[in-house]
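Listed below, chain by chain, are the residues.
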Amino acid sequence: MTIALVTGGSRGIGRAIGIALAQAGHDVAINFAGREDDALETIRLMEQAAAMVPGGKTVPAARFLSVRADLADPRQCENLYATVERELGAAGILVNNAGITRDGLIMRMSVEDFDAVLDVNLRAAFLLIKAVSRSMLKARYGHIVNIASVVGLTGNAGQANYSASKAGLIGLTKTAAREFASRGVTVNAVAPGFIDTAMTNVLSEETRADFLEGIPLKRVGAPEDIAQTVAFLCSGAADYITGQVIAVDGGMTI
Ligand code: NAI
C-alpha cells in the first residue's frame, strides 16, 4: 500500500487520521513535537487498527514510524521528510495536520505570536508539500490533504494569526492542486469546525455553549469525523476531487 506522512500525529485529530489511514492498509509515519509517549500510543493504536480489517483478515506487515521534529524550524521540516523517505520510502500521502494557536486581539498581538502561528501552520505545510512533490510528481501519484479550519473561511475575533494561517493554507491548497493536477496528484483541504481535542479543551464552558448554539447538528465534532473525510480524500474513491475545501463542521458554515 501507500506510505503516508501525517504531521502532528501524536494526539487529537492527527492521531485519528493516522489510525484511519492504518485501517485503510497504509504504512504511516507520524510526526510530533510534544510528548513522545503520546506518539508511541498513536503507534500502538495504529498497529491495533491495521491488525483488524473487515472480514477479520490481517494486513501483512504494515509499518509505522514516529519522528520528532519541530516544524517551526524549516531545516527540521526537510529532515523529517528525508527520515521518512529513508526509513519507509517515498510518501504517496501527505497530511499537513500540525497546528497551533496563540490567540489575542490584533491590538495586543505581538509579531512573535503572529509569526509563530504562521511558521507552523502555513510555512511548514509549504515546505513539506515541496519536499514530497518531487517523488509524487515523478510517480504520477499522490494525495495531499491540508487541515485548515472554518475560521480560515470566516475569520474569528482574537485569531488574526490563526485564521490568516488557515486562509493561507486554503490558497496554498488551490495553487498546489493546479500545479500538480497534470501529474495525477490531488491536493485538498479539510476545514474542521469545533472538534473535541486538547486544543479546544482549554475553552470555557460558556464559550463551548456559544459554539454549540451555532452548530446545526447540535454536537461538537470528534477527531474521527475529520479522519474519515481525510481517509476518503486519500483513497481512489476521491481521485477526481482536487483543489477543494471540505468543511466538516456540523453545518456551522451553512
Ligand atoms: P492538538 O493540539 O491536539 O494537536 C496538535 C498536534 O500538532 C500535536 O500532535 C502536536 O505535537 C503537533 N504540533 C504542534 N506544534 C508543532 C510543531 N511546532 N512541530 C511539530 N508538530 C507540532 O490539536 P488538534 O485539535 O488535534 O488540531 C489538529 C489540526 O486541526 C490543527 O491544524 C488545528 O489547527 C486544526 N483544527 C482543529 C480544530 C479543533 O476544534 N480542534 C478546529 C479546526 C481546525
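This text gives an overview of the structure that appears in the document. The structure presented is a predicted model; accordingly, all values stated were derived computationally and were not measured.

### Section: the site of the ligand
Surveying the vicinity of the ligand reveals 31 residues, the closest of which are R11, N97, Y162, I195 and T197. Contact between the ligand and R11: an oxygen atom at 2.7 Å from a side-chain N or O atom of the residue. Residue G193 places a main-chain N or O atom 3.5 Å away from an oxygen atom belonging to the ligand. Protein burial of the ligand: of its 830 Å² of free accessible surface, 93% is covered by the chains. Its atoms largely coinciding with the cavity grid, the ligand occupies the largest pocket. At the level of secondary structure, the elements contributing two or more residues to the shell around the ligand comprise α1 (12–23), α6 (160–180) and α7 (198–201). Here the shell around the ligand gets three residues from one element, more than from any other, and that element is α7. Taken together, the residues of the shell around the ligand sort by class into 16 nonpolar, twelve polar and three charged.

### With respect to the sheet that holds strand β5 (residues 142–147)
The seven strands lie next to each other as β3-β2-β1-β4-β5-β6-β7, forming an open sheet whose pairing is parallel. Here the strands that pair on one side only, and so sit at the sheet edges, are β3 (64–68) and β7 (245–248). Averaged over neighbouring strand pairs, the angle between their axes works out to 15 degrees when direction is ignored. For strand β4 (residues 93–96) and β5, the ladder comprises four bridges, and the chain directions are parallel.

### A short note on the environment of L5
Mapped onto the elements of the fold, L5 is located in strand β1 (residues 3–6). For L5, a relative accessible area of 0% corresponds to the buried category. Considered as a pair, L5 and A29 are 24 residues apart in the sequence and their alpha carbons are 4.8 Å apart. Setting aside residues no more than four positions away along its own chain, L5 makes contact with A29, L80, Y81, V84, I93, L94, V95 and L128.

### Description of α1
The first and last C-alpha atoms of α1 sit 17 Å apart over twelve residues, in line with the 16 Å expected at 1.5 Å per residue. For α1, the tally of buried residues reaches nine of twelve residues, placing the bulk of the element in the interior. By the burial criterion, the buried members of α1 are I13, G14, R15, A16, I17, G18, A20, L21 and A22. A positive phi of about 95 degrees marks G25, the residue just after α1.

### Considerations on the packing of aromatic side chains
The final tally for this structure, using the stated rule, is one aromatic pair. With a centroid separation of 4.8 Å and an interplanar angle of 55 degrees, the aromatic rings of F194 and F211 are classed as tilted. Of this pair, F194 sits in the loop between β6 (185–192) and α7 while F211 sits in helix α8 (residues 205–213), and the two are 17 residues apart along the sequence.

### A short note on the nonpolar core
Note that soluble globular proteins tend to have their nonpolar side chains buried in a common cluster. Ranked by size, the top nonpolar core spans 31 residues in total, and within it I17, L21, V95 and V230 carry the most contacts. Of all the secondary structure elements, the ones that give two or more residues to this core are β1, α1, β2 (27–32), α2 (36–51), β4, β5 and α9 (223–233). With six residues, the top contributor of residues to this core is α1. Excluding its chain neighbours within four sequence positions, the residues that come into contact with L21 are A4, V6, H26, V28, I93, V95, A231 and C234.

### Digging into the packing of helix α3 (residues 74–87) against helix α4 (residues 111–139)
Where α3 contacts α4, the two axes come as close as 9 Å, and the packing angle between them is 35 degrees. Between α3 and α4 lies a crossing whose hand is right-handed. Where α3 abuts α4, its residues P74, C77, E78, L80, Y81 and E85 lie against R123, A124, L127, L128, A131, V132 and S135. Here the residues of the contact of α3 with α4 sort into nine nonpolar, one polar and three charged.

### Some details on the pattern of salt bridges
As enumerated under the stated definition, the model contains nine salt bridges in all. R35 serves as the salt-bridge partner of D37, at 3.0 Å between the closest nitrogen and oxygen. With its nearest N and O atoms 3.0 Å apart, the salt bridge here joins R219 to D225. The exposure class of D225 is partly exposed, given its relative accessible area of 26%. Counted as one network, the salt bridges with shared partners bring together R35, D37 and D38.

The rules behind the values
Residues numbered from 1 in each chain as written. Predicted model: local features only at pLDDT ≥ 70, side-chain atom pairs only at ≥ 80, totals over all residues. Heavy atoms only, no water. Near = heavy atom within 4 Å. Polar contact = N/O pair within 3.5 Å; in protein donor to acceptor, adjacent residues only side chain to side chain. Areas by Shrake-Rupley, 256 points an atom, 1.4 Å probe, with all protein chains shown as cover. 1 Å grid on protein atoms, 1.4 Å probe; cavity = no way out; pocket = protein on both sides within 12 Å on 5 of 7 lines; lining within 4 Å. Sits in = over half its atoms within 2 Å of the grid points. Helix = DSSP H or I, 4+ residues; strand = E, 2+ residues; numbered from the N terminus. Nonpolar A, V, L, I, M, F, W, Y, C, P; charged D, E, K, R; others polar. Pairing = 2+ DSSP bridges. Axes fitted to C-alpha atoms, helices over the stretch in contact; angles between N-to-C directions. Buried < 20%, exposed > 50% of the residue type's maximum accessible area, 1.4 Å probe, protein only. Contact = heavy atoms within 4.5 Å. Expected span 1.5 Å × (residues − 1). Phe/Tyr/Trp six-rings, centres within 6.5 Å; stacked < 30°, edge-to-face > 60°. Core = buried A, V, L, I, M, F, W, Y, C linked by side-chain atoms within 4.5 Å. Left-handed = near helix turned anticlockwise from the far one by under 90°. Salt bridge = Lys/Arg side-chain N within 4 Å of Asp/Glu carboxyl O.

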